[in-house]
Structures are given as structure tokens and as C-alpha cells.
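Chain by chain, the residues:
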2 protein chains.
Amino acid sequence: MDGKGISKAVITRLPRYYRYLGELLENGVERISSNDLSKQMKVTASQIRQDLNNFGGFGQQGYGYNVRFLYNEIGRILGLDHVHSMIIIGAGHLGQALANYVKFEKRGFKIIGIFDINPNLKGSMVRGIGIQMLDELPKFLEEYTVEIATLTIPKDSAREVAELLVANGIKAIWNFAHIDLNLVLPSDIIVENVHLSESLMRLSYNLTHAENKQKKM
Amino acid sequence: MDGKGISKAVITRLPRYYRYLGELLENGVERISSNDLSKQMKVTASQIRQDLNNFGGFGQQGYGYNVRFLYNEIGRILGLDHVHSMIIIGAGHLGQALANYVKFEKRGFKIIGIFDINPNLKGSMVRGIGIQMLDELPKFLEEYTVEIATLTIPKDSAREVAELLVANGIKAIWNFAHIDLNLVLPSDIIVENVHLSESLMRLSYNLTHAENKQKKM
DNA sequence: TAGATTGTTAATCGATTAACAATC
DNA sequence: TAGATTGTTAATCGATTAACAATC
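Residues numbered from 1 in each chain as written. Chains lettered and ligands numbered in written order. Predicted model: local features only at pLDDT ≥ 70, side-chain atom pairs only at ≥ 80, totals over all residues. Heavy atoms only, no water.

Now for the pairing of strand 9 (residues 172-175) of chain B. Residues and elements named next belong to chain B. Both faces of strand 9 are covered, namely the face carrying Ala 172 and Trp 174 and the face carrying Ile 173 and Asn 175. Relative to strand 9, strand 8 (residues 148-151) runs parallel, the two sharing 4 bridges. Paired with Ile 148 across the strands is Ala 172, a residue of strand 9. Handedness of the crossover joining strand 8 and strand 9 through helix 8 (residues 155-167) is recorded here as right-handed. Bridging between strand 9 and strand 10 (residues 190-193) involves 4 bridges; their strand directions are parallel. Bridging from a neighbouring strand, Ile 173 pairs with Val 191 of strand 10. (Buried < 20%, exposed > 50% of the residue type's maximum accessible area, 1.4 Å probe, protein only. Helix = DSSP H or I, 4+ residues; strand = E, 2+ residues; numbered from the N terminus. Pairing = 2+ DSSP bridges. Right-handed = clockwise from strand over helix to strand, strands pointing away.)

Next up, the structure:
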């Protein structure tokens with residue numbers, strides 16, 4: 001009934017369910033059947049039911065699913081029912097953009113520190129948080145409980161910094177550097193990658209092969 | 001021998017192969033076998049050979065793969081052998097961060113315009129490009145050939161703007177808004193999503209269920 | 001109760017891995 | 001030539017879809 005042995009594909013779909021349910025909730029929809037939801041999301045009803053039943057029976061025969069209840073349950077499954085403290089390593093454009101992204105805080109991801117190695121940035125404020133130097137990190141991690149470290153630094157220093165983070169107790173890394181940290185860090189460290197250039201390459205691939213794609217439709 | 005009927009999973013792996021081959025190239029490695037590469041990438045040699053053979057026989061029995069050749073071939077498959085012109089819609093923190101990301105240009109993604117609706121931003125320069133107002137977009141798209149539009153705007157206006165883009169000839173959208181544009185746009189429009197909050201939720205999921213995960217190891 | 005819709009088992013489909021003949 | 005390694009077919013595994021009995 002919990003997160004053991006759930007396939008990656010299922011986990012990837014959970015946030016999407018959560019998003020659709022949140023919208024239904026906003027629109028005042030009280031209940032929904034897997035069939036109706038499947039039409040909106042363009043997936044099979046069977047998949048929705050299978051996915052949800054990995055975590056428990058949230059529906060009711062003859063009724064469907066209560067939107068608010070299911071929304072909350074998925075939120076709980078995703079760990080959005082409590083606050084996650086976060087730091088950002090790398091106060092470049094991307095790091096600052098993430099720090100300024102209000103929506104994360106609404107979802108319970110609270111940024112409590114920003115670090116960089118560029119002395120010119122020292123003390124600069126980003127959304128009310130002063131940028132600190134990387135060598136202040138160990139002391140900071142002793143003082144504050146931090147769950148997630150966001151890595152927005154160039155690839156070349158990413159491994160070294162990640163190892164420093166892990167040595168100081170960080171358990172999860174949101175990694176924007178183009179390196180497979182999961183292959184170099186201990187296996188119990190959680191790494192979630194956002195590789196923007198790989199995303200752009202997939203787009204480029206689809207653009208380049210658009211003619212063939214068309215044929216299939 | 002080309003991009004027809006290639007599965008999404010394969011396409012997702014191509015940029016990763018490209019990255020590893022690029023690193024091998026930098027390190028002066030001339031040739032590599034699927035077996036050696038599989039050890040570095042932590043995938044099966046069989047998968048590497050199967051993936052590559054979707055596009056052609058790039059190797060040689062008894063020798064393996066020539067690194068430079070394979071690197072170039074994958075680059076060509078991904079469409080990185082020619083320049084893609086790009087515009088950014090939404091000059092907020094994220095849009096500006098992307099505009100400032102030098103690496104894209106090195107890969108052939110050339111940003112030639114930035115648009116926003118905030119009149120305060122009009123004329124502001126980002127990496128040498130002046131921010132234009134959204135109502136200047138149709139004229140701009142008549143004048144310049146633009147392949148990709150990057151959408152870094154709030155979800156609420158994303159659909160409308162995307163439809164405007166499509167109406168003016170845009171064929172591919174790099175979408176950072178939390179909406180499934182592919183479901184509302186014509187099916188020949190290419191949409192590549194980067195949903196940061198969904199990535200963060202997956203991280204949160206793995207963090208929340210870390211104990212169970214441990215057990216499996 | 002009758003109708004609707006879930007939860008769950010069984011069938012199908014597709015992707016990954018293994019095996020090996022072809023060949024450099 | 002002998003050894004190495006690919007390209008490709010066959011076997012396995014896992015994920016998706018279909019079907020339906022259970023039940024609200």
C-alpha cells in the first residue's frame with residue numbers, strides 16, 4: 001500500500017493526475033469517474049485505475065472518485081503534505097530564476113539558503129535571501145535541516161560539490177548539471193535530473209523527423 | 001533508417017549517448033565497444049546496439065564504434081548539424097535565464113527574439129537582444145524564420161499565446177508552462193515539455209518513500 | 001433493486017535482454 | 001587465420017489494456 005516497488009512510469013504520472021485533479025477542484029467538480037478523467041487526460045481509464053490502485057482503493061464502485069479526497073491522497077503520496085527545506089547551489093541566472101519561482105513555496109518547497117563561489121555575489125539578496133559563499137555551507141548544514149539541494153552550477157564542478165553536499169548530510173539533489181550524479185554518489189542519495197539541453201535535443205529530433213511523424217497520423 | 005516509428009524511450013536515450021560520446025571525444029578516446037560504453041553508462045550493451053541500429057549500422061565487427069563518427073552521426077540524427085532559430089515568449093526570470101544560457105547557442109539553438117507583455121520590460125536588453133512586446137510578434141514572425149518558440153509564461157495565458165504562435169506559423173514549442181499544450185494544439189505541432197514542478201514532485205516522492213526504496217538494495 | 005463504476009485478474013503489447021551467426 | 005564485436009533474431013520481462021466479477 002506504500003511506495004515499494006512502484007514503477008517509475010507510475011510515479012511520473014502522479015504529478016499529472018495531481019495537476020488535473022487540482023484543476024477539477026478549482027472548477028468545483030466534486031466527483032469524477034476514471035472514464036471521464038481518461039477522456040480529459042487522453043489516457044486509458046484502465047491505466048488510471050491501475051495506477052491509483054498501487055497505493056490503495058481511493059474510489060467507490062458506482063460512484064467514481066471524490067475529487068478533493070483523491071487530490072489530497074495523491075498530494076500525500078507525493079509528499080506534498082509537509083514542507084521540504086531546500087537550498088540552491090549556484091546563484092547564476094538559473095539558480096536565481098528558481099529562487100524567484102513563487103509556486104514552489106506554495107507547494108511546500110521552502111528555499112532557506114542560496115550559495116555560490118563568486119565573491120561578487122556575496123550578500124546579494126534574492127527574494128529576501130542573502131547569497132552565501134560555498135565555504136559557509138558546512139556550518140549552515142549543521143545549523144539548519146535541509147532536505148533538498150538544488151544544483152545549478154556548471155558540470156565541471158558539479159561532482160565535487162555534490163560530494164561535499166552528501167558529506168554534510170544532504171539526502172536529495174535536484175540536479176541541473178549535465179552529469180549523471182546518481183552514478184557517482186552513494187546509491188541511497190536521491191538524484192532528480194533536469195537536463196534542459198537534452199530536452200531541447202529531443203525537440204530538435206522531433207522537428208528534424210517531423211515529416212515521418214506526420215505519416216503515422 | 002530514419003526517424004519513423006522510433007520509440008520515445010530510444011529518443012530519450014540519444015542525448016545521453018551523445019553526451020558520453022562527447023566526453024570520450026574530449027578525452028581523446030578513438031574507439032569504443034558497446035560493452036565498454038555500457039559499463040560507463042550503466043546500461044546493457046545490448047540496449048546500446050539495439051538503439052543505434054534503429055538508425056543504421058554505425059559500428060564494425062571486431063572493432064566497435066569510432067567515437068568521432070558515432071558522435072557526429074547521433075548529432076545529425078538529433079538535428080544538431082544545423083542551426084535552429086528560437087524565440088522566447090516570457091521574459092521573466094526563467095525566460096531570461098534561458099536566454100543567458102550560452103550552451104544552447106553552442107549546440108546550434110540561436111535565440112533571435114524575446115517577447116513579453118509587461119510594458120516595463122520593453123526595450124530591455126537580454127544578452128544583446130531587446131525585449132519586444134507580444135503584439136509585435138506576428139510582424140516579427142513574418143520577417144524572420146523561427147523554428148522554435150520557448151514558452152516561459154504563466155499557465156493561464158499559455159494556451160492563448162500558443163495558439164497565437166501556431167496561427168503565425170510556429171511548428172515547435174518548448175513549453176515550460178504547466179499545461180498539456182499537445183492536447184489543445186493541432187497534432188502536427190511539436191511540443192516538448194519541461195515541467196519543473198513535476199520534477200520536484202518526483203523528487204519529493206522519492207524522498208518520502210526513501211525507506212522502502214532502501215529495502216530493495 | 002438496477003445501473004454504474006471500481007478493483008483486480010487475465011490478455012496483449014512493447015521494450016529490454018540474451019544469444020549467436022555474420023563478419024571485420 | 002583467430003579473436004573480437006557487431007547486427008539481428010529469439011526469449012524474457014514488464015507495462016499497458018481489456019475484461020469482468022464485486023459492490024456501492
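We now examine the protein's contact with DNA strand C. Taken together, 25 residues lie near DNA strand C, and Ser34(A), Arg49(A), Gln50(A), Ser46(B) and Gln50(B) sit nearest. What you see for DNA strand C is that sugar and phosphate hold 56% of its atoms within 4 Å of the protein. Note that a base nitrogen of DNA strand C is positioned 2.7 Å from one of the side-chain N or O atoms of Ser46(B). One nitrogen or oxygen atom from the side chain of Arg49(B) is found 3.1 Å from a base nitrogen belonging to DNA strand C. Among the secondary structure elements, those contributing two or more residues to the surface near DNA strand C are helix 3 (45-53), strand 2 (59-60) and strand 3 (64-66) of chain A together with helix 1 (8-26) and helix 3 (45-53) of chain B. The element best represented in the surface near DNA strand C is helix 3 of chain B, accounting for 4 residues. Class assignment of the residues belonging to the surface near DNA strand C gives a composition of 4 nonpolar, 18 polar and 3 charged. (Near = heavy atom within 4 Å. Polar contact = N/O pair within 3.5 Å; in protein donor to acceptor, adjacent residues only side chain to side chain. Nonpolar A, V, L, I, M, F, W, Y, C, P; charged D, E, K, R; others polar.)

Under the counting rule described, the total for this entry stands at 20 salt bridges over all chains. When the shortest N-O distance is used, the salt bridge between Glu163(A) and Arg159(A) registers 3.0 Å. Here Arg159(A) and Glu163(A) lie together in helix 8 (residues 155-167), a separation of 4 residues that amounts to about one turn. Note on Arg159(A): relative accessible area 40%, which makes it partly exposed. Arg13(B) is the partner of Asp51(B) in a salt bridge, and the nearest nitrogen-oxygen pair spans 2.6 Å. Here the residue Asp51(B) occupies a position in helix 3, and Arg13(B) occupies one in helix 1, the gap between them amounting to 38 residues. Looking at Asp51(B), the relative accessible area reads 3%, which means it is buried. Look at the salt bridges and you will find they share partners, linking Arg16(A), Arg19(A), Asp180(B) and Glu198(B) into a network. (Salt bridge = Lys/Arg side-chain N within 4 Å of Asp/Glu carboxyl O.)

Let us look at the sheet that holds strand 8 of chain B. Residues and elements named next belong to chain B. Ordered by their spatial adjacency, 7 strands build an open sheet running 6-7-5-4-8-9-10, and the pairing between neighbours is mixed. Pairing within the sheet leaves two strands with one partner each, and these edge strands are strand 6 (125-126) and strand 10. Most of the contacts of helix 8 go to strand 8, to which it runs at about 170°, and overall it touches strand 4 (84-89), strand 8 and strand 9. (Contact = heavy atoms within 4.5 Å. Axes fitted to C-alpha atoms, helices over the stretch in contact; angles between N-to-C directions.)

Another point: the environment of Gly62(A). Summarising the element assignment, Gly62(A) is placed in the loop between strand 2 and strand 3. Counting along the chain gives 24 residues from Gly62(A) to Met86(A), while the straight-line C-alpha distance between them is 43 Å.

Annotation from UniProt places "DNA-binding region" (unreviewed entry) at residues 16-55 of chain A. When the span residues 16-55 of chain A is considered, its composition is 70% helix and 5% strand, and the gap between its end C-alpha atoms is 16 Å. (UniProt positions renumbered as here; feature names shortened; annotations may be inferred.)

Residues and elements named next belong to chain B. Here we have 3 strands laid out as an open sheet, ordered 1-3-2, and antiparallel in their pairing. Looking at which strands have only one partner, the edges of the open sheet turn out to be strand 1 (31-32) and strand 2 (59-60). With 2 bridges joining them, strand 1 and strand 3 (residues 64-66) adopt antiparallel strand pairing. Residue pairing for strand 3: Arg 31 is matched across the bridge by Asn 66.

This part is about the protein's contact with DNA strand D. In the vicinity of DNA strand D there are 25 residues, among which Ser46(A), Gln50(A), Ser34(B), Arg49(B) and Gln50(B) approach most closely. For DNA strand D, the backbone portion of the atoms within 4 Å of the protein, that is sugar and phosphate, comes to 56%. Contact distances for DNA strand D include 2.7 Å between a base nitrogen and a side-chain N or O atom of Ser46(A). Between DNA strand D and the protein, one listed contact pairs a phosphate oxygen with a backbone N or O atom of Phe58(B) at 3.2 Å. If one sorts the elements of the surface near DNA strand D by residue count, helix 3 of chain A sits on top with 4 residues.

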